[in-house]
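Letter by letter, the chains look like this.
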Amino acid sequence: PARAGEGSLELSPGSTIVAGLHRDQELPSVPLVFTHYLRTSPTAASLGSFRLLETSHAGRAPGWLEEAVRAHGELNDSGILLFVQYDPWVATSFSSALVADRWYRVEIVYDQPRNVHAGRVDDGPFSAAVGDFDGSGLPVRSFAIEGEGQGGTFHVDNYIIRLHVDPPPVVTLGAVERAP
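Rules used throughout
- Residues take numbers from 1 onward in each chain, read along the sequence in its written order.
- Per-residue local features are limited, in this predicted model, to residues with pLDDT of at least 70; the limit for side-chain atom pairs, both in listing and counting, is 80 or more; totals at the level of whole chains, interfaces and linings are taken over all residues.
- With hydrogens and water set aside, each side-chain value is computed from the structure's full complement of heavy atoms.
- What counts as a salt bridge is simple: a side-chain nitrogen of Lys or Arg found within 4 Å of a carboxyl oxygen of Asp or Glu.
- Helix and strand assignments follow DSSP, with helices taken as H or I runs no shorter than four residues and strands as E runs no shorter than two, numbered in order from the N terminus.
- Between buried and exposed lies partly exposed: a residue is buried under 20% and exposed over 50% of the maximum accessible area for its type, with that area taken using a 1.4 Å probe on protein chains only.
- Only protein atoms enter the 1 Å grid used here, on which a cavity is any set of points holding a 1.4 Å probe that cannot leave and a pocket is any open set flanked by protein within 12 Å on both sides along at least five of seven lines; residues with an atom within 4 Å of a point are listed as lining.
- Grid points are joined across faces, edges and corners, and a volume is the space filled by probe spheres set on the points.
- Polar here means any residue other than Ala, Val, Leu, Ile, Met, Phe, Trp, Tyr, Cys and Pro, which are nonpolar, and Asp, Glu, Lys and Arg, which are charged; Gly is therefore polar.
- Centre distance within 6.5 Å is the pairing criterion for rings of Phe, Tyr and Trp, where only the six-membered ring of Trp is used; planes under 30 degrees apart are then read as stacked, over 60 as edge-to-face, and the remainder as tilted.
- Working definition of a nonpolar core: buried Ala, Val, Leu, Ile, Met, Phe, Trp, Tyr and Cys residues. They are joined through side-chain atoms within 4.5 Å.
- Should any heavy atoms of two residues lie within 4.5 Å, those residues are counted as being in contact.
- The predictor's confidence in any single residue is recorded as pLDDT, a number from 0 to 100.

Q: Help me understand the pattern of salt bridges, please; the structure alone is not making it clear to me.
A: Side-chain pairs of opposite charge can arise where the charged atoms are in close proximity. Inspection of every chain in the model, using the stated rule, returns 8 salt bridges. For E107, the salt bridge goes to R120, with nearest N and O atoms at 2.5 Å. Of this pair, E107 sits in strand β8 (residues 103-111) while R120 sits in strand β9 (residues 116-121); the two residues are 13 residues apart in sequence, bridging distant segments of the chain. R120 matches E107 in its accessibility class, with the two residues each being buried.

This is the structure:
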């Protein structure tokens, strides 16, 4: 899908500090879907693309192994989107290698009541559900789109959070009647 790159958010961390866009907002304890468009540039380092946290931004202890994270999706150095769990460390991919400088529609479903999340790219099938980091089911109080400070660049556009309904609603049209 084509997106207007001029209006997108460019993240070029290039330092050792986690940097990006953060928003403090307690999200309801219902299944949610996070949809955004993602474009990568050639990179030789991991880039964190989103995190859901159980604390406000001010309450964070930023770092790669951040205890407050409930869900963490990462774009790795091979251009593959994956979920990362920390204890034990497990990475589960939900895309094939992404081509640089092309827009992708990424959807992440976070089902807090069940403590799981799943992802897909460009309306493909959702990945298998991956568990919450520690199974606590604590509410999400903030979310972030950020780089991990290891270099590289990526763009994000049209970030939307909405309720997740499974199966999604389907629209059907009946036969057309002509006026006499």
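Q: Any chance you could explain the layout of surface pockets here in plain terms?
A: Size it by volume and the largest pocket reaches roughly 360 Å³. Taken together, 18 residues make up the lining of the largest pocket; nearest its centre are V109, F126, H164, V165 and D166. Looking at the lining of the largest pocket, the elements with two or more residues in it are β8 and β9. Looking at the lining of the largest pocket, the element that brings in the most residues is β9, giving 4 residues. Within the lining of the largest pocket, the residues separate by chemical class into 9 nonpolar, 3 polar and 6 charged.

Q: Please explain the packing of aromatic side chains as it appears in this structure.
A: A ring pair, where both rings are aromatic, is described by two values, the distance of the centres and the angle of the planes. Counted according to the given criterion, the structure contains 3 aromatic pairs. Ring geometry for F34 against F143: centres 6.4 Å apart, planes inclined by 65°, an arrangement best described as edge-to-face. Taken together, the residues span a long stretch of sequence, with F34 in strand β3 (residues 31-40) and F143 in strand β11 (residues 142-147) at a distance of 109 residues. Like F143, F34 is buried. What links up through ring pairs into an aromatic cluster is the set F34, F143 and Y159.

Q: Which parts of the structure should I look at to understand unusual backbone geometry?
A: Most peptide bonds adopt trans geometry, and most residues besides glycine take a negative phi value. At D122, a position not held by glycine, the phi torsion is positive, near 50°. Tracing the backbone through its elements, the reader meets D122 in the loop between β9 and β10 (130-131). Located in the positive-phi region is D123, a residue other than glycine, with phi close to 60°. Counting through the fold element by element, D123 comes out in the loop between β9 and β10.

Q: What should I look at first to understand the nonpolar core in this one?
A: Side chains of a nonpolar character, in soluble globular proteins, are inclined to be buried together. Among the nonpolar cores identified, the biggest contains 24 residues, and F34, L38, L52, L81, F94, L98 and I108 are the most heavily contacted of them. Going through the elements one at a time, β3, β4 (47-53), β5 (69-75), β6 (81-86), β8, β11 and β12 (154-163) are the ones with two or more residues in this core. Among the elements that line this core, the one with the most residues is β8, at 4 residues. The residues contacting L38, other than those within four sequence positions of it, are L81, L98, R102, W103, Y104, V106, F154, H155 and V156.

Q: Explain the side chain of Q112 to me, please; I cannot follow it from the model alone.
A: By the element assignment, Q112 lies in the loop between β8 and β9. The exposure class of Q112 is buried, given its relative accessible area of 5%.

Q: Can you help me understand the confidence of the model for the protein chain in this one?
A: Any region with low pLDDT has predicted coordinates that should not be read closely. Of all residues in the protein chain, 76% attain a pLDDT of 70 or more, and the chain-wide mean is 75. Within the protein chain, the element-level pLDDT minimum falls on β6, averaging 72, and the maximum on β8, averaging 87.

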